[in-house]
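# Inside the fold
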Amino acid sequence: MKKTLIFLVALCISFIGFSQERWISGTIMDGDSPISDVNIQIINQGTSVKTNAEGKYKIQASAGDILYYTSPGMESLQIRVEDVTRILNLDMFPKIEKLDNVTVTKTRRASQKELEEDYHINPNIIKTVFGYLDKSKASYSVRTMDADRILPGEYDLANVLRNRFAGVTVLDGFGFGTTSAAGASVGFAGASGINAGRSVQIRGRTAIFDIDGQVFTQFPDFIEVQNIERIGIISSYAGTVRYGNLGNGGVVVINTKNGVSAPLRDKNGVIIDRARLKNNFYDGNALTAESVLNNAPEYLKELKRAGSFEEAKILYEANAQKYRSSPYFLLDSYKHFYDTWNEEEYADQILEQGYSDISNNPVHLKSLAYIYDAQGRDEKANETYKDIFILRPNYLQSYMDLTNSNRRVGKPKKSAILYARYFYLLREGFLSSDTAMFSTMINREFNNLLSLEKTDVVGSSRSKKIKVDREDFDGTRLVFEWSDSEAEFELQFVNPENQFYTWTHSLEANPDIIKREKDFGYSTSEYLMDNSLAGTWLINVKYLGNKSLTPSYLKTTIYHNYGTKAQREEIKVFKLDIKNVNRELFQITKTSKSGS
C-alpha cells in the first residue's frame with residue numbers, strides 16, 4: 001500500500017510538472033505558401049495569436065494544452081502540446097464541400113438497382129433489410145462509417161463502435177474475460193473470453209442490428225471486423241419506424257464485404273475484382289536501402305565510406321565538434337560503430353559523452369531504446385525504458401514499452417505486476433483508456449504473456465488453476481511504434497500477388513486517430529497477417545515528416561507464429577528522414593501452414 005501511495009504521489013508530481021509554460025513557435029503553410037492571419041487559440045483559455053505575413057507565430061502554452069488553428073476556407077486543426085513540444089510547423093488543407101457526382105435529368109428517386117450499382121462509389125449508401133438507403137436523400141438523420149476508418153488488426157466490434165458516433169454507447173457484459181468500460185481486463189485471462197450481455201445504447205435504449213439485410217436483437221460477436229464494408233447508425237424515430245417496436249432503441253446497420261452488391265462485370269461479362277479497380281498494383285518504385293544511404297547526411301556517408309575502424313574514428317572526431325548538439329548525429333554515430341565495426345566500448349563512449357543532451361527528452365530516449373532493442377541489448381533498452389517511464393508515467397505507451405522490455409530481459413513476473421498496476425490505475429481513474437485501439441493491443445499483450453509464460457509469472461503450483469484462452473489469431477503479428485507522436489507516414493503492405501494496401505497516419509487523412517493517440521499518450525499500431533495468402537510480402541514506408549522538420553524513428557516488432565509455443569520476435573528499426581518518397585523496409589515470406 002505504501003509503495004502504491006508513493007507511486008501515486010509521483011504521478012501527481014508529474015502532472016504538476018506538465019503545467020509549466022513554454023514558447024511554441026512555427027510556420028503555417030498551405031502546402032506551398034505561408035498563410036497569414038491564421039488564428040491560433042488555446043482551447044478553454046483566452047489566449048490566442050495570429051500568424052504574420054510569413055505565416056509565423058509564437059504562443060505560450062503548457063503541456064496538455066490544445067492549440068486550435070483556424071483560417072477561412074481551410075480545415076481547422078487541433079494539436080495537443082506535449083512535454084517535448086517546442087516547434088509546430090503545420091500544413092493546413094482547403095475545406096472541401098463534397099458533392100456527389102450526379103447528372104440531373106429530372107427529379108426522381110434513384111432506383112434500388114442504381115443505388116446498388118453506386119454503393120461502392122458512394123459512401124452515403126447503406127444496405128438495410130428494406131433495401132438500399134441513400135442517407136443524403138433520406139428525410140431523417142443517418143450516420144455512416146466506411147471500412148477505411150477501421151484500424152488494421154482490429155477484431156472487436158465493440159471497439160469499432162465506441163467513440164465513433166455521438167450519442168451511441170457500448171455496454172459490455174460481465175462474463176469471464178470480458179472488458180470493462182474503462183478498457184481494463186476483468187479477470188486474470190486478459191481480453192479473451194466470452195463477452196456475454198454486450199449491447200449498444202442509442203437514446204438510452206438498446207439498439208438492434210441490421211446485418212446484410214437480417215435483423216438481430218443480440219450483440220453480433222460473430223462479426224469479423226475486418227470483413228465490414230460499411231456501418232450505419234439510424235437513431236431517429238422516423239428512420240426506425242419500419243422496424244416496429246424492435247427499432248425503438250435505434251438501429252446499427254452493418255454491411256459486410258460479401259453481403260452487399262454482386263461483383264461488377266466488364267463489357268464481356270467477366271467478373272472484375274474490386275480490389276483491382278483501385279489500380280493498387282505495386283510498381284516496385286520503393287527506394288532500396290542503398291538508395292536511402294545516398295540521401296543520408298554527409299557525416300554518415302563519410303563514415304560508411306571509411307575503410308577501417310581507425311579511419312571511421314578520425315572522421316567521427318572531425319565532425320563531432322560541428323554536430324555535437326544534434327541528437328541524430330549522436331544516435332547515427334553510436335549505431336554505426338556498434339553495428340558496422342562491432343566496437344561496443346567506443347560506441348558506448350560516444351553515447352556517454354552526449355547522453356546529457358538527450359536524457360530529459362523522451363522522444364530521443366525512445367529512439368535510443370529502439371536501437372538497443374534491434375541490437376539485442378535488452379538490459380540497456382530496459383534501463384532506457386525505465387527512464388522514459390519516469391518522464392512519462394501518464395502515457396499509456398510507457399506501460400506497454402516497459403512490460404515488453406521486462407519480458408525480453410527475462411522478468412515476466414515484473415511485466416505482470418506492471419500490467420496489474422496499469423489496470424488498477426485505469427479502474428481508479430488515474431489513467432484514461434483508449435478503447436478503440438490501445439486497450440485491444442495491451443490486452444492482447446497481457447493475454448500473450450499469460451498464455452506463454454504463466455508458470456514463470458505465478459509459479460507451477462498456481463499456473464494450473466489459471467485458464468487462459470488461446471489467441472484467436474494464427475499467423476504473423478506486426479507491431480509498429482514510432483518515437484515521435486507528431487510523425488506522419490504511410491505504411492504500404494504489398495501481398496504476394498503484388499497488390500497493396502496502404503495505411504496512412506497523417507493529420508490530413510485521419511485527424512481523429514492522431515488526436516486519440518495524443519490524448520492518451522501512445523504511438524503504436526498493429527497489423528495481423530494471417531496464413532491465407534502464401535508467398536513474400538513487402539512492407540514499405542513513405543515518411544511525410546513531423547511538425548519540427550526532423551527525423552523520426554520507426555520500430556517494427558515481427559511476431560512469427562504469434563500465440564503459439566513457437567512464437568519468436570524479430571525487431572527492426574528505421575530512421576525516417578527522407579520525405580515523400582516510398583522506401584523499402586523489410587520482407588516477410590509466409591507459407592500456408594505456418595505463421596511465417
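Worth saying up front: this structure is predicted, and the values here are computed from it rather than measured. (Residues numbered from 1 in each chain as written. Predicted model: local features only at pLDDT ≥ 70, side-chain atom pairs only at ≥ 80, totals over all residues. Heavy atoms only, no water.)

## Looking at a negative patch on the surface
- The grouping of Asp-30, Asp-32, Glu-75, Asp-91 and Glu-508 at the surface amounts to a negative patch.
- Given a relative accessible area of 69%, Asp-32 falls into the exposed group. (Patch = residues over 30% accessible without salt bridge, like charges linked within 9 Å, V, L, I, M, F, W, Y side chains within 5 Å. Areas by Shrake-Rupley, 256 points an atom, 1.4 Å probe, with all protein chains shown as cover. Salt bridge = Lys/Arg side-chain N within 4 Å of Asp/Glu carboxyl O. Lys, Arg positive; Asp, Glu negative; His and termini not counted. Charge placed at Lys NZ, Arg CZ, Asp CG, Glu CD. Buried < 20%, exposed > 50% of the residue type's maximum accessible area, 1.4 Å probe, protein only.)

## Observations regarding the pattern of salt bridges
- Across all of its chains, the model carries 27 salt bridges by this definition.
- A salt bridge links Glu-445 to Arg-477, with the nearest nitrogen and oxygen atoms 3.2 Å apart. In this pair, Glu-445 sits in helix α15 (residues 438–458) while Arg-477 sits in strand β18 (residues 475–482), placing the two residues 32 residues apart along the sequence.
- Accessibility expressed as a relative area gives 2% for Glu-445, which makes it buried.
- We note a salt bridge from Lys-547 to Glu-486, for which the minimum N-O separation is 2.8 Å. Taken together, the residues Lys-547 in the loop between β22 (535–545) and β23 (552–560) and Glu-486 in the loop between β18 and β19 (488–494) connect sequence positions 61 residues apart.
- Judged by its relative accessible area of 8%, Glu-486 falls in the buried class.
- Residues joined by salt bridges that share partners form a network here, namely Asp-373, Arg-408, Glu-481, Lys-555 and Glu-569. (Helix = DSSP H or I, 4+ residues; strand = E, 2+ residues; numbered from the N terminus.)

## Digging into the nonpolar core
- Residues Phe-337, Tyr-422, Leu-478, Phe-480, Leu-491 and Ile-539 are the most contacted members of the largest nonpolar core, which totals 83 residues.
- No other element matches α15, which puts eight residues into this core.
- Phe-480 has contacts with Leu-491, Phe-493, Ser-523, Thr-524, Ser-525, Tyr-527, Ile-539, Leu-554, Lys-555 and Thr-556, leaving out every residue within four places of it along the chain.
- Ranked by size, the runner-up nonpolar core spans 22 residues in total, among them Val-168, Val-170, Phe-209 and Ile-231. (Core = buried A, V, L, I, M, F, W, Y, C linked by side-chain atoms within 4.5 Å. Contact = heavy atoms within 4.5 Å.)

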